[in-house]
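Residue-level listing of the chains:
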Amino acid sequence: MLKELYPSHIELSRSAFENNLSFFSDLIGEDVVFTSVIKGNAYGHGISRFVPMAEQCGISHFAVFSAEGAAEALKASSRESHIMIMGMISNEALEWAIENDISFFVFELDRLRAAVRSSEKVGKPARIHLHLETGMNRLGLEKSRLPEVVSIIEEAGDSLVVEGICTHYAGAESVGNHVRVTHQIERFGELFHWLEEQGVKAKYRHTACSAATLNYPETIMDMVRIGISQFGFWPNRETYMYYMKNNSNGRKRFKDPLKRVLSWKSKVMSIKQVEAGKFIGYGNVYLTSRDQTIATIPIGYSHGFGRNLTNVGIVLINGERAPVVGLVNMNLLTVDITDIPDVKKGDEVVIIGRQQDQEMTLASFSEMTNNMNYEVLVRLPSRLPRYIVD
Ligand SMILES: *Cc1c(COP(=O)(O)O)cnc(C)c1O
């Protein structure tokens, strides 16, 4: 991929990722498996570049939402990593998954029976994770179904390998859900023990996403499923505050232990002088109040830079903050560089990331638009190239 062909690009920092991995490894200990959750095109980081980098950093277990994500991860993966589908896979695709040693969540009897049939066809065991309903009320095997689950598993013999028993919490990032999550943790324990008594044993008990790992250490169990925080982001501000408060031990300079992996960069496309009293771009959204210098940047709402950042967004040029003036277009932004000296066509523009001593964090980017970290990230277009940097 020739960098020069693209209007902007994304950089992934290997050292930042390593930093986040070592943070989690201190938290979970050596015996717990870290599965890297890479749904949503690895939270916008790009599966095809992220997976090989993660493998080089020692990751060998990945979790995706769907069979399609699993196929992409399989293609990107350069060695014997395991891939686990947490969500959508059609019964028709189960044989493909089994052939490729991909494990998948089972949250209904229909899928469980289909898994047995597919395994018999392929002549290889299906590796399943029993996803238990504990109070999320979205996906999950109800308690009333478990006796039938047990008998299907018994009958299936070698066709099924129960790789995991798992659940997912309904918002471990917010104290507002504390009662609900606590009930879920208890419920999971009860159901797990009941299954164990029936002779259903699993290699991994796993329930924790980033927020649960950080806020409820008892949910760590045998494996954690870490999405957002491996990329250096806190699930929300509450989790960040809670962590910092409990771990700073009064140290004033206690720093955020996570590092942002991703940066988003472009270049100044063109520069123009505009007199006072003129409108910039479409319509009458921005009127110049003095003679102004305007730079055009080849990024727009088609790249995930929302129209709601019109007259509000900020980018970095020459280590200074340049405000967006006028409407965000499909492929273009206009920014005011009147007060930034010596800007030239081709100069680096940072949309997310650091430039000299200024930084645009994702939080500053998403707070301007009231979007969650998650949403801003996954909107980064998959067609922009990703590069690994140190
Ligand atoms: C997305 C997801 C995760 C990871 O969540 P983060 O908040 O990004 O850490 C874990 N488990 C399941 C089932 C998920 O869907």
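Look a little higher up for the structure.
This section reports on the structure supplied with the text. All values reported here derive from a predicted model rather than from experimental measurement. (Residues numbered from 1 in each chain as written. Predicted model: local features only at pLDDT ≥ 70, side-chain atom pairs only at ≥ 80, totals over all residues. Heavy atoms only, no water.)

Let us look at the pattern of salt bridges. According to the stated counting rule, one finds 15 salt bridges in the structure shown. Asp 347 is the partner of Lys 344 in a salt bridge, and the nearest nitrogen-oxygen pair spans 3.7 Å. By relative accessible area, which is 52% here, Lys 344 ends up exposed. Notably, a salt bridge pairs Glu 359 with Arg 354, separated by 3.1 Å at the nearest N-O pair. Classification of Arg 354 by relative accessible area gives partly exposed; the value is 46%. (Salt bridge = Lys/Arg side-chain N within 4 Å of Asp/Glu carboxyl O. Buried < 20%, exposed > 50% of the residue type's maximum accessible area, 1.4 Å probe, protein only.)

Another aspect to go through is the sheet that holds strand E8 (residues 204-208). The strand order E2-E3-E4-E5-E6-E7-E8-E9 describes a closed barrel built from 8 strands, whose pairing is parallel. The mean angle between the axes of side-by-side strands here comes to 30°, regardless of whether they run parallel or antiparallel. Strands strand E3 (61-64) and strand E4 (82-85) of the sheet are contacted by helix H4 (residues 67-76), whose axis makes an angle of about 170° with E4. (Pairing = 2+ DSSP bridges. Helix = DSSP H or I, 4+ residues; strand = E, 2+ residues; numbered from the N terminus. Axes fitted to C-alpha atoms, helices over the stretch in contact; angles between N-to-C directions. Contact = heavy atoms within 4.5 Å.)

This model, assessed by the stated rule, comprises 11 aromatic pairs. Taken together, a centroid distance of 5.5 Å and an interplanar angle of 75° make the contact between Phe 23 and Tyr 243 edge-to-face. Of this pair, Phe 23 sits in helix H1 (residues 14-28) while Tyr 243 is found in helix H10 (residues 237-247), placing the two residues 220 residues apart along the sequence. Taken together, Phe 23, Phe 24, Phe 34, Trp 234, Tyr 240 and Tyr 243 form an aromatic cluster joined through their ring pairs. (Phe/Tyr/Trp six-rings, centres within 6.5 Å; stacked < 30°, edge-to-face > 60°.)

A few words now on the site of the ligand. Around the ligand sit Val 37, Lys 39, Tyr 43, Met 86, His 168, Cys 209, Ser 210, Arg 225, Gly 227, Ile 228 and Tyr 374, and that is every residue in its neighbourhood. One of the side-chain nitrogen or oxygen atoms of Ser 210 is found 2.5 Å away from an oxygen atom of the ligand. Arg 225 is positioned with one of its side-chain polar atoms (N or O) 2.9 Å from a nitrogen atom of the ligand. A total of 380 Å² of accessible area belongs to the ligand in isolation, and the protein chains cover 91% of it. Here the residues of the shell around the ligand sort into 6 nonpolar, 3 polar and 2 charged. (Near = heavy atom within 4 Å. Polar contact = N/O pair within 3.5 Å; in protein donor to acceptor, adjacent residues only side chain to side chain. Areas by Shrake-Rupley, 256 points an atom, 1.4 Å probe, with all protein chains shown as cover. Nonpolar A, V, L, I, M, F, W, Y, C, P; charged D, E, K, R; others polar.)

Right, let's talk about the nonpolar core for a bit. With 118 residues, the main nonpolar core has Phe 104, Ile 128, Leu 130, Trp 264, Phe 305 and Ile 317 as its most contacted residues. With sequence-adjacent residues up to four places away left out, Leu 130 is seen in contact with Val 106, Leu 141, Val 149, Ile 153, Val 162, Gly 164, Ile 165, Cys 166, Leu 195 and Val 200. (Core = buried A, V, L, I, M, F, W, Y, C linked by side-chain atoms within 4.5 Å.)

Between helix H3 (residues 47-56) and H4, the least distance of the axes is 8 Å, while the angle of their chain directions is 55°. Looking at the two axes, H3 sits oblique to H4. Like other packed secondary-structure pairs, H3 and H4 cross with a definite hand, here right-handed. Where H3 approaches H4, its residues Ile 47, Ser 48, Val 51 and Pro 52 are matched on the opposing element by Gly 69, Glu 72, Ala 73 and Ala 76. In terms of residue class, the contact of H3 with H4 is made up of 5 nonpolar, 2 polar and 1 charged. (Parallel < 35°, antiparallel > 145°, perpendicular 65-115°, else oblique. Left-handed = near helix turned anticlockwise from the far one by under 90°.)

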